[in-house]
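Letter by letter, the chains look like this.
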Amino acid sequence: MNQKQSIGLGTRGWLLLIYQFLAFIVFMVFTNYPMNILATSLSDVYGDAQTISMIYTVSMLVGMAIQLVLSQFIGKVKSVKWLSHIFGIITLAGTLGVSVIPGGTAWTICYIITCIFCGLYGMFSLGILVGQWFPRRKGTVMGIATLAFPIGNGLIGVFAGALFSKGYPDVTGAFMPFWIAGLIGLIIGIIFVTDYPEQCGAFRDNDRSFTPEMAKAMMMEEIENKKTSVWKIGATLKSAQFWLITLPMGALLMCSVGMMAQTNAIIGAYPDLPFAGVMAAVMVFACLGSYLLGLLDTKLGTRKAVIIASAIMALSGVFGAIGGTIPTAISIVLLAVFMGAGSNFTVSAAAQYWRREDFPSVFGVVNPVANILQCAGPIMVAATIGMMPMNRMPFILTGVIGLVSVVLSVAFSPAKVKETDDQLRKAAGKPLDEVLAGRR
């Protein structure tokens, strides 16, 4: 009766991963590029770094507020897949405006729409789908999907450099390949992706060790249990363990996004560091970091992977605080490593330490809270970048935040999550079990 277990992701699983990857590309390029390059090269048209960073932050906060509201009833939503498609269509409409409108009020409105809905699309709704398809292998899958961040960051520099060097800044030409990639991703999602793998004849985690009938029965039980999840927003926010694991994840996002949004200005203080070469190195090391920390996430557990990433963040801050060309180059390489993995962990933590039936509601709180911290990153860096010689202040802050994140993630206890889960289930009249026992 049992079928052989596959080590791959399955055809549909790979298509979901491509869908997530291309949504991440859109998020990275269309939120970061205006802050990093347009604000530097065309500030008279689009606004300076602090102005665009403020627009980004406020818009992202609005998106996070929407996510928190959605988390109240996400378990009762019949199709997260179609919710992701709606968010994707709105995102592509906003990003098209960012691509073709040459600055002004209309461009700002499109950028606001982009920042709000990119998060709801790529980070929130697709994150839920990945967690539902790959509850045990989410670290590996997200480790591959988040390669989109360094790849997008590296390629936009190539396109911008080539098109801006002609003398006429062809912003539309720089953006359009990424917009088309986002459109292709959305089409793949609409045609091939379902809410659960069992709905298209696939298997959770591509695990074929049980029959399709057993898989469908598990899916139906999970769908029903989600409607009465005990981890509502109030219970989640009251949990100390939620904060101990979520704050470090948010700190990783805050420092990586904040620093990468200002790489042009930071590197400008070091004439011996060529921007194109640095961005190419960032792309390579961020890809390695995303993949390797994703593997560690799967093998060792999310907590240990977050501890390692936070320690790398602290080291990055230390080297950058020293100043000088070589220490700063080392700092940026380390920054790339933890940047590549920073977006892996919100999906992983919610799937690793909470039940499958509670994953959507918990992730609906974990993701926006972590990303609220991310929103502060660009403003933090933009406001402190000139406070000390050689732009050392942002690195000092990164080092301090990294150390705090290590302490918080070390203090996190999966066993205490289970204790709270037992209390909530007992109060709701649900049976107790050992599903969460032994989580790492």
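Up top you'll find the structure we're talking about.
Below is a short write-up of the structure. All values reported here derive from a predicted model rather than from experimental measurement.

Structural notes on the overall build of the chain
Thought 1: The helix and strand tally for the chain stands at 19 helices and 0 strands.
Thought 2: On C-alpha atoms alone, the chain measures out to a radius of gyration of 21 Å, which is about the 22 Å that the 2.2 N^0.38 rule sets for 440 residues.
Thought 3: C-alpha atoms of the chain, sized along the principal axes, occupy 65 × 45 × 40 Å.
Thought 4: A burial count over the chain gives 59% of its 440 residues as buried.
Thought 5: In the form shown here, the chain has an accessible surface area of approximately 16,300 Å², with 71% of it arising from carbon and sulfur atoms.
Thought 6: Computed over 29 positive and 20 negative side-chain charges, the inter-centroid distance for the chain is 4 Å.

Some thoughts on the packing of aromatic side chains
Thought 1: The full count for this structure, using the stated rule, is 14 aromatic pairs.
Thought 2: Here the aromatic rings of Phe 30 and Phe 175 are separated by 4.8 Å at their centres, their planes lie at 15 degrees, and the arrangement is stacked. Of this pair, Phe 30 sits in helix H1 (residues 11-41) while Phe 175 sits in helix H8 (residues 171-192), and the two are 145 residues apart along the sequence.
Thought 3: Both rings, one in Phe 87 and one in Phe 117, keep their centres 6.0 Å apart while their planes meet at 50 degrees; by these two values the pair is tilted. Of this pair, Phe 87 sits in helix H4 (residues 80-100) while Phe 117 is found in helix H5 (residues 104-133), placing the two residues 30 residues apart along the sequence.
Thought 4: Classification of Phe 87 by relative accessible area gives buried; the value is 7%.
Thought 5: Owing to a relative accessible area of 18%, Phe 117 belongs among the buried residues under this scheme.

Comments concerning the pattern of salt bridges
Thought 1: A complete count under the given rule lists 12 salt bridges for this structure.
Thought 2: For Glu 222, the salt bridge is made with Lys 226, and the minimal N-O distance between the two is 3.3 Å. With Glu 222 and Lys 226 both in helix H9 (residues 212-226) and 4 residues apart, this pair spans about one turn of that helix. Each member of the pair, Glu 222 together with Lys 226, is buried.
Thought 3: A salt bridge links Lys 418 to Asp 422; the shortest N-O distance between them is 2.9 Å. Of this pair, Lys 418 and Asp 422 both sit in helix H19 (residues 414-427), 4 residues apart, which is roughly one turn of the helix.
Thought 4: Residue classification places Asp 422 among the buried residues on the basis of a relative accessible area of 18%.
Thought 5: Sharing partners across several salt bridges, the network here consists of Glu 198, Arg 204, Glu 222 and Lys 226.

Concerning a nonpolar patch on the surface
Thought 1: Taken together, Trp 82, Leu 183, Ile 187, Ile 190, Ile 191 and Phe 192 make up a surface patch of nonpolar side chains, about 520 Å² in accessible area.
Thought 2: On the secondary structure map, Trp 82 appears in helix H4.
Thought 3: Trp 82 sits in the partly exposed class, given a relative accessible area of 46%.

The rules behind these values
- Residues numbered from 1 in each chain as written.
- Predicted model: local features only at pLDDT ≥ 70, side-chain atom pairs only at ≥ 80, totals over all residues.
- Heavy atoms only, no water.
- Helix = DSSP H or I, 4+ residues; strand = E, 2+ residues; numbered from the N terminus.
- Rg over C-alpha atoms; globule rule 2.2 N^0.38 Å.
- Buried < 20%, exposed > 50% of the residue type's maximum accessible area, 1.4 Å probe, protein only.
- Areas by Shrake-Rupley, 256 points an atom, 1.4 Å probe, with all protein chains shown as cover.
- Lys, Arg positive; Asp, Glu negative; His and termini not counted.
- Charge placed at Lys NZ, Arg CZ, Asp CG, Glu CD.
- Phe/Tyr/Trp six-rings, centres within 6.5 Å; stacked < 30°, edge-to-face > 60°.
- Salt bridge = Lys/Arg side-chain N within 4 Å of Asp/Glu carboxyl O.
- Patch = residues over 30% accessible without salt bridge, like charges linked within 9 Å, V, L, I, M, F, W, Y side chains within 5 Å.

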